[in-house]
Amino acid sequence: MTTSAHMTTSAQTVGAPALARTATATATVRRKQGFQHGGWFVAPFLALFVLFVIWPLLRGVYLSFTDANISGDGASFVGLDNYREALNDSAMWDALGRSAYFTLLVVPCITVLAFLLAMLAHHIERGKWLWRLCFFVPFLLPSTVAANMFQWLFTQGIGLINETFGLDTPWLTDKSYAMLAIVIETLWWTVGFSFLLYLAALQGIPDHLYEAAKLDGANAWHRMVHITLPMLRNITGLVIALQILASLQLFDQAVVMMDFGPGPEVSTRSFVQYTLEQGFTSYRVGYASAMSIIFFVIIAVVALARMWLLRTREEGGR
């Protein structure tokens, strides 16, 4: 009987590694099968991504080293000449400065306005759905529609804004007001997206935190400062990052509101608009491609800096 028990124990000892290897092999086979089946679902997206993102990017990098024109004929390799010219182009830096100035105006305003609107829609009792709809619907409009609306609103002499407030401000024809008009239109048009992010985050804050704060005697201001804002810290960082990336790419509203031009004394010409002018007005596709690559690097640096700051803040909070 002792011998039989010993043999059983030995068999179990010898069989354990074999069973482990079998289980591992089975799991590997299942993963490969899952990857093969899932690959068919991902393949259409990957094909479109390569066709419309990766290939144009690689093509743009290649063109940036040539003197290609809009016809695509007779392009020759010029090395880094386009990049040297771009880095010494004062008009390009002015356009980049206008895009940065627009970003500095828009991002703080949208962040604060979206938070306030979300707080209002979250705490209001009557007609809550109507307020949420009104705040978000403008974001669903195409950019050209929103820009055309505000072009009429800001038109001197017949515009509703001047007529309502008794003004005679040349919003769209004076360089002192043109960029401000675009900022106002952008706030109205795009605040709905950030508003929705804040509203979803507010709904995720547990109610018991506010109830405990009330029991401790905290007023509404203290609850907002010590509970609401800290709980919304991550979503605020996301809103700021998304708005920076979107605002740096200013183009649609500026072009449409200024009648498809650069605005009074090019005061509203953004980096993207200047790049398109070089490519499709001056027919310098190679030079425009070099400017696009430079702008791509700037956007990438901004995105990576945001990720680094977020990671540093998370590590510091641990």
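I will try to describe carefully the structure that is included in this document. Fair warning: this is a prediction, and the values are worked out from it, not measured in the lab.

1. Topic: the packing of aromatic side chains
As enumerated under the stated definition, the model contains 13 aromatic pairs in all. An angle of 40 degrees between the planes, with centres 5.9 Å apart, marks the rings of Phe136 and Phe139 as tilted. Of this pair, Phe136 and Phe139 both sit in helix H4 (residues 128–140), three residues apart, roughly one helical turn. Joined through ring pairs, the aromatic side chains of Phe150, Phe154, Trp171, Tyr177 and Trp188 make up one cluster. Lying over the aromatic face of Tyr287, Arg284 brings its terminal NZ or CZ to 4.4 Å of the ring centre.

2. Focus on the side chain of Thr169
As for its position among the elements, Thr169 is in the loop between helix H6 (160–165) and helix H7 (175–203). Taking relative accessible area as the criterion, Thr169 reaches 14% and is therefore assigned buried. Apart from the residues lying within four places of it in its own chain, the contact partners of Thr169 are Gln156, Asn162 and Tyr177.

3. Let's talk about the layout of surface pockets
Empty space within the largest pocket amounts to approximately 560 Å³. Along the wall of the largest pocket there are 22 residues; nearest its centre are Thr275, Leu276, Ala288, Ser289 and Ser292. Sorting the residues of the lining of the largest pocket by element identifies helix H1 (2–63), helix H12 (271–280) and helix H13 (285–317) as the ones contributing at least two each. In terms of residues, the lining of the largest pocket owes the most to one element, H13, which gives eight residues. Along the lines of polarity and charge, the residues of the lining of the largest pocket split into 16 nonpolar, six polar and no charged.

Cut-off values and rules
Residues numbered from 1 in each chain as written. Predicted model: local features only at pLDDT ≥ 70, side-chain atom pairs only at ≥ 80, totals over all residues. Heavy atoms only, no water. Phe/Tyr/Trp six-rings, centres within 6.5 Å; stacked < 30°, edge-to-face > 60°. Helix = DSSP H or I, 4+ residues; strand = E, 2+ residues; numbered from the N terminus. Lys NZ or Arg CZ within 6 Å of the ring centre and 35° of its normal. Buried < 20%, exposed > 50% of the residue type's maximum accessible area, 1.4 Å probe, protein only. Contact = heavy atoms within 4.5 Å. 1 Å grid on protein atoms, 1.4 Å probe; cavity = no way out; pocket = protein on both sides within 12 Å on 5 of 7 lines; lining within 4 Å. Points joined across faces, edges and corners; volume = space filled by probe spheres on them. Nonpolar A, V, L, I, M, F, W, Y, C, P; charged D, E, K, R; others polar.

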